[in-house]
Every structure is written in C-alpha cells, then in structure tokens.
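# An overview of the molecular structure
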Number of protein chains: 2
Amino acid sequence: MTAEAAADETAEAPDAYEALLDRVRRWNTVGSAAGVLGWDQQVMMPEGGTPARSKQLSTLSSIRHDMVTDDETGALLTELADADLTDEQAAVVREIRRDYERADAVPVELVEEISETSSEALQAWEAAKADDDFEAFAPHLEKHVELQREYAEHIDPDRDPYEVLFEEFEPCLSMERTEEILAELRETLVPMIDAIRESDADLAVDTFEGTFPEDDQEALARDALELVGYDFDRGRLDVSSHPFTAGNQFDCRVTTRFDESDPLGAVGSTIHEFGHAQYNLGLPQEQFGTPLGESRDLSVHESQSRLWENHVGRSRAFWERFLPVFQEHFPQTDDATVEDAYQAFNQVHEDNLIRVEADELTYHLHIVVRFEIERDLVRGDLAVEDVPEVWNDKYEQYLGIRPETDSEGCLQDIHWSHGNFGYFPTYSLGSVMAAQLFDAAESEIDDLDAKIAAGDFDDLQAWLNENVHEHGARYETNELVERATGEPFSADAFTDYVESKYGELYDL
Amino acid sequence: MTAEAAADETAEAPDAYEALLDRVRRWNTVGSAAGVLGWDQQVMMPEGGTPARSKQLSTLSSIRHDMVTDDETGALLTELADADLTDEQAAVVREIRRDYERADAVPVELVEEISETSSEALQAWEAAKADDDFEAFAPHLEKHVELQREYAEHIDPDRDPYEVLFEEFEPCLSMERTEEILAELRETLVPMIDAIRESDADLAVDTFEGTFPEDDQEALARDALELVGYDFDRGRLDVSSHPFTAGNQFDCRVTTRFDESDPLGAVGSTIHEFGHAQYNLGLPQEQFGTPLGESRDLSVHESQSRLWENHVGRSRAFWERFLPVFQEHFPQTDDATVEDAYQAFNQVHEDNLIRVEADELTYHLHIVVRFEIERDLVRGDLAVEDVPEVWNDKYEQYLGIRPETDSEGCLQDIHWSHGNFGYFPTYSLGSVMAAQLFDAAESEIDDLDAKIAAGDFDDLQAWLNENVHEHGARYETNELVERATGEPFSADAFTDYVESKYGELYDL
C-alpha cells in the first residue's frame, strides 16, 4: 500500500463513521418507537389489543435486530477498528460494537425461543403467584435458566454465564466489584436492621394513617412533580399497575399508582420515576438515536431515580417545603410536623416481605437474596426445585423474617418470568451510586439543603445534567462516577449515609 | 419445459404466495405500529415530543416503503402472475400488486420531498388560516400541486393525473363514475337547498340551545357508544381537536370533541367514529396484516361511519331509545319530544360556510366545490392564485352564500396542506354508499326500525359484518356494493333518501 493510499484510508474513516451513525440512529429510532408502543400497552391499551400489540412489538424487535446484525454494520465496525477517531467518536463506536457483538453472537432462533418462553412463563407466573403454587412455575423457570445459560454461552463460552447475563443490564461494571458491593451492603445492613428491631425509638408512624382518596393523591403527585421541576410539555403523569418511566429527551413520561392507605408510597414512587425521567430528558437532543443521546446503563439510571427519591424526597429539607403542599390536599394531617413526616417516610419496615414495599435499608437485603439465588441458578450451583427453601432461609438469615407462602416469597417478582437474570443487582448498585453522587453534589453546591427546603432544585438539576445526563453513554460507568465525584465507585458514601441517618433516627 | 416441470411450477406457487404473505404481514404490521404512534401523537403526546415522533414516523414509513419495494416483492409478484391461485389468493395478490406498483413507481426522493413540503405547508397553512392570508399559503399549495402532478406522472404518464391521485384514496372506483355521482348530487341538492331556504317549515331548533358541560357530554358519548354496542375491551374514547378513529381488529379507538353549546355535534361525531371503528373491529382477526384483514378503501370506510351517523343516529327510531338517555345527562331538555330531537338533529344549516359543521345535505356541496377546484388545479385548468375567487363563486352558485374571508373559505381544510388531492370525493361517495347499504339492510332485516327504537342493533351489526366488514379488501368496491345490495353502486338510494326525509321535514 502506498503512503497516499494509507492517507486516503484515514481520511475516509469519518465516512464510515457517519454511515455507522446513520444506521444506529435508524435502529435506535425503531427502538424508541417500540418504547411508545410499550408505554401505550401498559397505560392506555384496551385488553383486547394484546395480539396485535405482540405482533407489532415482535416485528419491530426483529427489524431492529436485523439492522444491528446486518453485514454492513459489521463491515463498518471492521473498517473503523483501526481508524483515527476522536475520543468521542471512539466512545460511540465502542457502544455500537458492544451491541453488535452481543446481538450477532446469539442466533435469532434462540432470541425468539426466549421471547416465546417469556410469554408462557409470564402467564404461568401470574397463575402460580395467585395460587401460591411454585411447582406450576418451576418448569418455566427451569427452561429460562437453560435458555439463558445457552444465551450466555453464545456470547462467551469461557466466562461465568451469570456475569455475561449481568452485562446485558450493566455492561460497564465488573461482576467482581458488584459482588463486593453487595457483600458490603449485606454486612452493613444485616446488623443495622437487627439493631433497629431491638431499638426503643418511637417513630411518628401514625401521623399518615387513614384514608387518602386517589384523586387527591393524583393532584398531590402532580404538585410534587411541578415542585421538583418536571416539564409537563415534555412528559405526562399517568397511572399503571407498576410505576415506570418511558421515553426520550423530547418526551419522557412517568406513571405512578395509588394506595388509599399509603399516600407516602405514591409520593416516593412519583419522585423516583421523576428521577428516571430527568435523566432521559437531560440527554442531548441533537444526539437523539446515537449512543451520546442514550442513557448509560441500568445502575446509572437507577442512581438518578434513587437520588431524587431518597436523598431529596426522604430528606427533612424536602418536607419543609412539601409538607404544606401535602396538607393542602389532606387537611386531616394539619397537625403533622416536618419531623413527623420525616420519620414516617423513613420508617424501617423490618417485618416486610415484599421488595417493592421495602424501605431504603431493607431493600438491599431483598436484592441480595435474589442476586445470590439467580447467580447460583445460572452458575448451576442451585436447582430450581430448591429455590423456595433457599429463598426462605436467606430471608430468615438476612432479614430475620420467613415468608409463609411462596406468593410472598420467591414468586413475588416478575423478572425471572421474563428470563431476566442479572437485573436485580442494578437496583442496589444504583442506590449506592446515588449516595456517592449526592455527596459530591452537596459538596459542590452551596447550601443545597437550604435550597431544597426552599423548593429550589435548579443547582442540583444543573449538577446532575452536567455530570451525568448530558454525557449520554459517552463514558463507561466507572469513569462517569469518577469524573462526577472525584472518587472511584464504592459503597462508602452509601454506608456513611445510612449509618448516620438511621443511627440518628433509631438511636443506634 | 416438460409437463412435469410445469406441474412442479404450479405446485410451487403457494410457496411464493406464502412468502409474499409473510412480507405483507410484516410491512402492514409496521404500518399498524405507526398507527399507534399517530394516535398517541394526536391524543396523548406532550407538545415537546414532536421532533422524536416525526423521526419515529418517518423511519417506520421508510422501512415500510423499503419492504414494499424490495426486489423480492417484485420477484414474488412476477412468479405469481401466472400461478394457479384461488379467487381469494388472486384478490390478495391483486391488492399487494397495486401497492407495490404504486410504491415502486415513485422515487423515494420525491416521497421525501412531498413529506418535507407537507411539514412546511402545514405550518404555513395554520398561520395563513389564522391571519386570513391566502397569499402566504399560495406558494406551498403551488409546490404541492407541482409535486403531486409529478407523483402522478411517475405512476402513469398517460392518464389524467387527478384520477391517478384519487386512486390513492379510492383505487377501485373510476373517476368517470365518481364525476357522474358528484354531478348528480349537485343537481339534486342545489335546488333542494334553495327550496329549503324558501320553506316556511318551523323546525324545533331551540330545544337544544343552552350550555351543556363537557363532562356530561363525555358521559353521554360513552352511553351512546355503549348503546350502539362499542366494545370498550377493544377500544377507547378520548378527546382530540379533530375526531378520528385509529386501530385494527383487536384495538380500534375513537376520539370526539365537545362544544358546550352543541351537544348534538358530539353525539353525531361519536356515532360517526363508532361506524369507522366497527368496520376495523369487524375485520377477520386471523387475517391481521393481510389484505383480507385490512379495510377496503376510504369511500367504503366512510360509508360505515355515515350509515351509523346519518341512517341510525339521525333517525326518529334512534331518538326514541336515546332521548331518555340524553335527558338523564341533561335534565334541562326534559320537555323535548322525540320529534323535537329529530328536527334539531336534522336541521339544514343553509347559511353555514364550514364543511365540518355541515348537515347531511349541504355537506356534499362543500365537497363538490373542493372536488371541482382540486381537479382543475391538478389538471392544470386552474391557477393557484385564482382559487379564492373560484371558491367563493362556487359557494355562491351552489350554496347561495359567499365567504367573506378565505379563513372561512378556501383555507378552512387541512387536506391540501398535506398534499392530499383526491381525498374529498370519498366523503360524498361514502354517504351515497351508506344510503344504498342501509336500504339493503332495511329490506333484509325484519323491523329494523323497531329494533333501532328498542336499542337492538345486533341484526344491523351482523348484516354489516357479513356484507362488508368480514371481507376485508377481498372484493373491489363495486363488487362489494353489488354483492351486498344486489345493485350496482349508484346515487339512487341516497337521492330517494334525502328527497323523502327532507321533503317531509321542510314541506317541500
């Protein structure tokens, strides 16, 4: 090859880069269209629409898969492997390459079989949960474990299959680090919760007992969103059976649900989803459809929701501003003080068996149980038939409670019926990351506490935008956290946070 | 070729047919996914979502176009051209071939240019309508006319371009027949409306004057839908600025709008959209995505909405059943009789300038004006700059009224800003077809009038299912009408219907 030809090839690299960007924009746009269909399915669709919706979603998914794994994608990635790229371009190519390599490694027949297994498993799980009949679900769980092991083997036959599956949800954190963090949570929290159980502290938990009509709770949720700064011109609030967030930097919608006996639950869940929505709404608009306009993975996403839910929503400062709003909607709580609200919203439910109803301490032990079980299932160290007993033993060991039924035990969550193994840890990683990010924001923003108490969230929002949202998937998780906080990702900030907060609350 | 080889080729035809069906199912499923995004855009989407939604819709549209015009589609159609097919298979191939040939004939650049022109024209039209400034819209209209002529020329350079464009919306009725029918409507209706203007008849039009709150109107609209048999498990009722219907045989949703001074408007529009929805919901579910599971074209679709709106909703029989429901929601009308409601709902608004507010008589003269103008524009017989004057002259000539502004004249409708020329006639063709179909249904169903008065719509629904809905696009329009009614498609039934109904109402 002459020197001239070599120079030409370098000069041509941007063409391949632009061509690759066009392709990724197209497949991500198909993905975002599918996201709208998914939102509609959970929020608006009449029941009868299921067969058409399944067909629409599977068609879009297969079109997207064909685009990702198209030979041309591979050819462009090969061409770009040695190209002279800027750091940003290299990051974009890194993200596309990861998606391509995973998608290309797995035969489409296996993807379809997993999808079909999920449909059947989902129905079986719903029935099994209703009937408290683990045996009816066991064959589906068995099938999913087998298929997922097969899936992981296609991607990398030489690595721990659980680690490979975990990377589907969090590709940038190592399993080793994740296991360390979860072990640290377990070691910190198990004795704390024991101590809380023994504590004589008398929290003001009765203040928010009573009946709180749904309509008033909805008006309250809207006020909460207005207060924290949700842009209703780029989003919506609706009701769904499981709260979730869906959308992109132009239109990102949240849902919530209401329990007439638990108005704090809706407040927490609404602010949680707001945190997710702010992340998506903060992604750069001009990068829509490219990796720079897509969020980093699940643990970073969860860090944003937990930061708003726990570090803002469950703070004394927030309730100084929010309690009068709450009382406008529910005058029956007019006698409540900020301290009452703070205590009620931070009560530790040490006897609760249900993950989605857990407080911010016990939550992680619910996760650790699931993590240890799904890891052992996928690694072949645990048989499906033994799941209920191991589940119950671990609850007893970590939380000091034992489920009496599998419905409120190992059948409570939907994730395994979707064939999702490796998802659960991202919830805890996100909480841990939230503490570290909030610590950094607090140290960089003057009087953040006073600003929150005054309902002024602009600086916090700007800090999160600048340090997290606006980078899209530019940095891998560790680098993102280290750039934002100046420290490597660790559980230290979280541990300090819970020890200080709950030490004070429960006189530990 | 040996006889054996020939036999083999015949035997292989079904393979190509199945392959073609797989393809069409896939592209129609993409189309139906886009339909959900379109519904969401008009009913649910926050304003800020527009850029992402435009991108999603144009991506899906381009994916669909690529699938339709793929060489493989052409190859399968060529293979099937001489294949031994059943009548039903031949009909399916006929429908796919028509779509393929049109899509394949038009360069994708032109499709994109039309789409971009529409976005700009739409904005310009909105401003021009608000400012009563036709000149600001004229260049966009000019551009659309040129592009549409070019579009038609790509499809068939030897035929009347307006006819070619009309076939986009109604491919199965000839322009000649359409022109005859519209001329017949003009000749029947112009003198009738003159006579009505001169009539001394004193209709009970004051009965439904007053204020009718939106919430109550919405409850009424839901009751109306329940009464006529809308299946809310396969649909929804929402509000949008322009009422429309969107969906398929599993999930077909209607919208309506409310004017607090005009509760009958919402009743009419809701029943109209119900008629559209029943057509889609009546398509065979197992044929989802194939031409046998898609509706026939726009005039047949409009026949279903008009049949329910006019022949059911505007009948005395319907109001015998519905008036008490109406009065439950609006006790202020307790003194109204069925005859009052009938007269109020069938009042001819001979001084109304706005198409969407027209009654079932003057409506068609609004259409004739648009038809004659758009036809002449596309044929090159009328200059864009002359549209306002010609519009006003024709209103004076056919309706005896003259718009004072272009906002309530030639700028009132959105269609031309989308570049849609040839759409308007389908509204009138649908009304005419509705009358012919309803006539046939009446002659085949015992005591249909009494059944309607009793709120029993089962037989009518079954007749429409059997004669229209369940065939999908199996028959072309003329054949569908002739099979359903025993007569060729004509305006006779419509003419008889309006002469008898309005002759009695206005003592003509």
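For the structure itself, consult the block above.
Quick caveat, the model's predicted, so the values are computed rather than measured.

All names here are of chain A. Of note, Leu147 is situated in helix α6 (residues 134-155). Residue class for Leu147 comes out buried when judged on its relative accessible area of 4%. Distance in space between the C-alpha atoms of Leu147 and Thr117 is 9.1 Å, their sequence separation being 30 residues.

A word on the interface of chain B and chain A. Opposite the 36 residues of chain B that make contact, chain A presents 36 residues. Of the roughly 2800 Å² buried at the junction of chain B and chain A (both faces included), carbon and sulfur atoms supply 65%. Our count for the contact surface shared by chain B and chain A stands at six salt bridges. With a closest N to O distance of 4.0 Å, B:Arg53 and A:Asp251 form a salt bridge. For the pair chain B and chain A, the number of links is twelve residue pairs in polar contact (both at pLDDT 80 or more). Elements supplying a minimum of two residues to the side of chain B that touches chain A: α1 (3-43) and α2 (50-69) of chain B. The element that contributes the greatest number of residues to the side of chain B that touches chain A is α2(B), accounting for eleven residues. Class assignment for the residues of the side of chain B that touches chain A results in 16 nonpolar, nine polar and eleven charged.

So, about the relation of the copies chain B and chain A. Relative to chain A, chain B is turned by 180° and slid 0.0 Å along the rotation axis, the superposed coordinates differing by an RMSD of 0.0 Å. Here the copies are linked by what is in effect a two-fold axis. Rotation axis and chain B: the residue whose C-alpha lies nearest the axis is B:Leu37, separated from it by 3.7 Å.

Take the sheet that holds strand β2 (residues 245-247) of chain B next. All names here are of chain B. Across the sheet, which stays open at both edges, the three strands sit in the order β1-β3-β2 with mixed pairing between neighbours. Since the sheet does not close on itself, it has two edges, and those belong to β1 (237-239) and β2, each with one partner. The sheet shows a mean angle of 30° between the axes of neighbouring strands, taken without regard to direction. Bridge count for β2 against strand β3 (residues 252-256) is three bridges, and the pairing is antiparallel.

Residue and element names in this part refer to chain A. Read from one edge to the other, the open sheet built from three strands follows the order β1-β3-β2, with strand pairing classed as mixed. Each edge of the open sheet is held by one strand with a lone partner, namely β1 (237-239) and β2 (245-247). For this sheet, the mean inter-axis angle between neighbouring strands, taken without regard to orientation, is 30°.

Conventions used here
- Residues numbered from 1 in each chain as written.
- Chains lettered and ligands numbered in written order.
- Predicted model: local features only at pLDDT ≥ 70, side-chain atom pairs only at ≥ 80, totals over all residues.
- Heavy atoms only, no water.
- Helix = DSSP H or I, 4+ residues; strand = E, 2+ residues; numbered from the N terminus.
- Buried < 20%, exposed > 50% of the residue type's maximum accessible area, 1.4 Å probe, protein only.
- Contact = heavy atoms within 4.5 Å.
- Buried area = accessible area lost by both parts, 1.4 Å probe.
- Salt bridge = Lys/Arg side-chain N within 4 Å of Asp/Glu carboxyl O.
- Polar contact = N/O pair within 3.5 Å; in protein donor to acceptor, adjacent residues only side chain to side chain.
- Nonpolar A, V, L, I, M, F, W, Y, C, P; charged D, E, K, R; others polar.
- Least-squares fit on C-alpha atoms with pLDDT ≥ 70 in both.
- Pairing = 2+ DSSP bridges.
- Axes fitted to C-alpha atoms, helices over the stretch in contact; angles between N-to-C directions.

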